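Remarks on the overall topology
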Amino acid sequence: MTPAIGLPADTVNHLKGRIGEAFVEALLRRANYSVSRVGRETHLPSLLKLARTTYSPDFLAWREEHISGPDGERSLYNILAVEVKYRSQPERFLRDEASEVFDAAQDDWPNFCVILLSDRFPDERSCFQVLRRRPTAEIESVDIAAAGLDVFSTTATSFSGLL
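Description of the structure in this document. Given the structure is predicted, the values throughout are model-derived calculations rather than measurements.

1. Remarks on the overall build of the chain
Of the regular secondary structure elements, the chain holds five helices and six strands. Pairs at least 24 apart in sequence give 54% of the contacts found in the chain among residues at least 6 apart. Roughly 10200 Å² of accessible area belongs to the chain as shown, and the carbon and sulfur atoms make up 52% of that amount.

Here it is in structure tokens:
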């Protein structure tokens, strides 16, 4: 039997996922967010614990927002919890996994979204889709440039070509 040539598909998908995390971090930074990695993969102690830990998203992203009011202008920080997922079969993720991710995060992270990355969306969507759960529990998918994060479509397109 001749061994297969090249990397196994799960290795390629893992690498694309890690590259996708770096792209999402860069896209958010270009939109003037400060970004910190907080996911489970970044904390060795949480990997060694035997008990179940609370859910941690991949990133916390925040930026200062200036709000005008009757007492003048004040600053607020918009904090966003972000989970990044690369999937070669994005429709399967939406059907089988997305609800579980939102269920795990909903109690601790009220402003939570998943950024789903794929180079195989069945239509002309961006490679970067922002998923949010509506109050009806339905999960909506929106191109990152239309998701209210101030990411320009030209920037998302240039990163898409690298994925």
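Once you've had a look at it, read on.
2. Some words on the pairing of strand 5 (residues 128-133)
Where strand 4 (residues 112-117) meets strand 5, four bridges bridge the pair, whose relative direction is antiparallel. Paired with Leu116 across the strands is Gln129, a residue of strand 5. Note: strand 5 against strand 6 (residues 139-143), five bridges, orientation antiparallel. Note that in strand 6 the partner of Val130 across the bridge is Val142. Taking the residues that link successive antiparallel strands as the turn, the strand 5-strand 6 hairpin has five residues, and the phi of Ala137 there is positive, at about 80°.

3. Digging into a nonpolar patch on the surface
A surface patch of nonpolar side chains, amounting to about 320 Å² of accessible area, comprises Trp62, Tyr77 and Ile79. Tracing the backbone through its elements, the reader meets Ile79 in strand 3 (residues 72-86). Given the relative accessible area of 48%, Ile79 is considered partly exposed.

4. Thoughts on the side chain of Gln129
Inspection of the secondary structure puts Gln129 in strand 5. For Gln129, the side chain forms a polar contact with the main-chain oxygen of Ser126, separated by 3.2 Å. Among the polar contacts listed, one links the side chain of Gln129 to the side chain of Asp143, at a separation of 2.2 Å.

5. Topic: the pattern of salt bridges
Tallied over the entire structure, the rule returns 15 salt bridges. Ionic pairing is found between Asp103 and Arg133, a salt bridge with its closest N-O pair at 2.9 Å. A residue pair is termed long-range when its members are at least 10 positions apart, and Asp103 in helix 4 (residues 98-105) and Arg133 in strand 5 qualify at 30 residues. In this structure Arg133 comes out as partly exposed when scored by relative accessible area, which is 24%. Counted as one network, the salt bridges with shared partners bring together Arg18, Glu21, Glu25, Arg29 and Arg37.

6. Focus: helix 4
Three or more residues of helix 4 are buried, namely Ala98, Val101, Phe102 and Ala105. End-on view of helix 4: buried residues confined to an arc of 95°, all on one side of the axis. Close packing links the buried residues of helix 4 with strand 3, helix 3 (90-96), strand 4, strand 5 and strand 6.

7. As for the environment of Asp96
Mapped onto the fold, Asp96 is located in helix 3. The exposure class of Asp96 is partly exposed, given its relative accessible area of 39%. Of the polar contacts made by the side chain of Asp96, one reaches the side chain of Arg95; its length is 3.1 Å.

Definitions and cut-offs
- Residues numbered from 1 in each chain as written.
- Predicted model: local features only at pLDDT ≥ 70, side-chain atom pairs only at ≥ 80, totals over all residues.
- Heavy atoms only, no water.
- Helix = DSSP H or I, 4+ residues; strand = E, 2+ residues; numbered from the N terminus.
- Contact = heavy atoms within 4.5 Å.
- Areas by Shrake-Rupley, 256 points an atom, 1.4 Å probe, with all protein chains shown as cover.
- Pairing = 2+ DSSP bridges.
- Patch = residues over 30% accessible without salt bridge, like charges linked within 9 Å, V, L, I, M, F, W, Y side chains within 5 Å.
- Salt bridge = Lys/Arg side-chain N within 4 Å of Asp/Glu carboxyl O.
- Buried < 20%, exposed > 50% of the residue type's maximum accessible area, 1.4 Å probe, protein only.
- Polar contact = N/O pair within 3.5 Å; in protein donor to acceptor, adjacent residues only side chain to side chain.
- Arc of directions from axis to C-beta.

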